[in-house]
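Residue-level structure breakdown
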Amino acid sequence: MSDRLPDLPRTPAHPATSYVTLAGADWLASASPHPDDMHALWALHPDAPSVLPCGTAFDVINAPALFGRRMVDRLWSAGPGSGPVAAHRGRILLFAAPGTAQRLPALLVWEEWAAAVPPLLCHGSGDAVTIPPLHPHPAPAARTRPRTAAHPITAPTDDDFVAGSRWLVAPDVRRPWLPGPDVLLWACVRAARPAAGEAGEAAGQTRVSAPAQARGKPIFALPDQDANVFPVSRRR
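Everything numeric in this text was worked out from a predicted model, so none of it was measured. (Residues numbered from 1 in each chain as written. Predicted model: local features only at pLDDT ≥ 70, side-chain atom pairs only at ≥ 80, totals over all residues. Heavy atoms only, no water.)

Looking at the nonpolar core
When a protein is soluble and globular, its nonpolar side chains tend to lie buried together. Counting residues in each nonpolar core, the largest one holds 25 residues, and the members touching the most others are F67, M71, L94, L120 and L184. Of all the secondary structure elements, the ones that give two or more residues to this core are β2 (59-64), α3 (65-77), β3 (85-88), β4 (91-96), α4 (100-108), β7 (165-169) and α5 (181-214). If you tally residues by element for this core, the top one is α5, at eight residues. In this structure, V20, A29, A31 and W42 belong to the second largest nonpolar core, which totals 22 residues. (Core = buried A, V, L, I, M, F, W, Y, C linked by side-chain atoms within 4.5 Å. Buried < 20%, exposed > 50% of the residue type's maximum accessible area, 1.4 Å probe, protein only. Helix = DSSP H or I, 4+ residues; strand = E, 2+ residues; numbered from the N terminus.)

Right, here's the structure in full:
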């Protein structure tokens, strides 16, 4: 039941995109054949990851962190937006409409930018994914170890949580909009173009660097002014 999961106020400490609302939890639980069991598990362990099957409520497109971030950026800056998005162990999980996992790879084959798209893991019917905790982990407590030269006290950074699991765009309604294969294909192409362009520019700079250095110099080296010149036509 959804009332087992406490709702959090939308404050700067808990932005709307970082935690799952009651309605969002209902949607996630609907992916399981036993939604009541999932609610009971989340009520006991709201800060623990859980595993849900794909193919019924959603599919998941699993992308490398950098490329996945580019996809999300393109979807929100120039596209229709995204569905729920999570970060898990250095990967970006984009929740998509059921059937996307089967259709997207077939569409990518026909794209001219397909070579610039890194391998994507498409989780559909018969697969399961680990989702982040419904609520973000609390900030690490201050260290009580005394400050020394060998063990300086430093504040935690975002890199400390890269290997963890968290929501970037958490589900907050019972029926969130989910992108289909055509939308994610568009995002893949837009995300691949900058990477391919940067690689091409770097290769071009490498190819022209040698001629650029030689520009303005004669093709044949000038003779040494102090060298002795002997006429080769004179023979003994």
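Remarks on the pairing of β4
Counted residue by residue, β4 has five buried out of six residues, so it is predominantly covered. The sheet contact formed by β2 and β4 spans six bridges and is antiparallel. By the bridge assignment, N62 is partnered in β4 with L93. Two strands pair when backbone bridges link them, and β3 and β4 are joined in this way by four bridges, in the antiparallel orientation. Looking at β4, one finds that A87 is bridged to I92. The turn linking β3 back onto β4 is made up of two residues, and R89 within it adopts a positive phi angle of 55°. (Pairing = 2+ DSSP bridges.)

Some remarks on the side chain of S165
Along the chain, S165 falls in strand β7. Only 3.1 Å separates the side chain of S165 from the side chain of H88, close enough to count as a polar contact. Among all residues touching S165, those that are not within four sequence positions of it are A87, H88, I131, P132 and P133. (Polar contact = N/O pair within 3.5 Å; in protein donor to acceptor, adjacent residues only side chain to side chain. Contact = heavy atoms within 4.5 Å.)

Brief notes about the packing of aromatic side chains
Working definition: an aromatic ring pair is given by the centre-to-centre distance plus the angle between the planes. Using the criterion set out here, one finds four aromatic pairs in the structure. Pairing W27 with F58 gives two aromatic rings, centres 5.3 Å apart and planes at 50°, and the pair type is tilted. Taken together, the residues span a long stretch of sequence, with W27 in helix α1 (residues 22-29) and F58 in the loop between β1 (50-53) and β2 at a distance of 31 residues. Note on W27: relative accessible area 6%, which makes it buried. (Phe/Tyr/Trp six-rings, centres within 6.5 Å; stacked < 30°, edge-to-face > 60°.)

Quick look at the state of the cysteines
Applying the stated rule across the entire model yields zero disulfides. With no disulfide partner, C122 has as its closest neighbouring cysteine sulfur the one in C188, 8.3 Å distant. On the basis of relative accessibility, which here comes to 22%, the residue C122 falls in the partly exposed class. (Disulfide = S-S within 2.5 Å.)

Examining the sheet that holds strand β5 (residues 121-123)
Read across the sheet, five strands follow the order β5-β2-β4-β3-β7 without closing on themselves; strand pairing throughout is antiparallel. At either margin of the open sheet sits one strand with a lone partner, and together these are β5 and β7. Going from strand to strand, the sheet's axes swing by 25° on average, the running direction of each strand aside. Strand contacts of α3: β2, β3, β4 and β7, with the helix running at about 40° to β4, the strand carrying the most contacts. Against the sheet, α4 makes contact with β2, β4 and β5, and its axis sits at roughly 45° relative to β2, the strand it touches most. (Axes fitted to C-alpha atoms, helices over the stretch in contact; angles between N-to-C directions.)

Re the pattern of salt bridges
Evaluated as defined, the whole model comprises one salt bridge. Linking D26 and R174 is a salt bridge whose minimum nitrogen-to-oxygen distance equals 2.9 Å. Pair noted here: D26 is in helix α1 and R174 is in the loop between β7 and α5, with a separation of 148 residues, a long-range link. Relative accessible area serves as the criterion here: at 18%, D26 is assigned to the buried category. (Salt bridge = Lys/Arg side-chain N within 4 Å of Asp/Glu carboxyl O.)

Here we look at the confidence of the model for the protein chain
Averaged over every residue, the pLDDT of the protein chain is 76; residues scoring 70 or more account for 64%. The low-confidence segment residues 141-163 (pLDDT under 50) makes 12 contacts with residues lying over four places distant or belonging to another chain. Every residue in residues 199-223 scores below 50 in pLDDT, and together they form zero contacts with partners more than four places removed in sequence or on other chains. (pLDDT = per-residue confidence, 0-100.)

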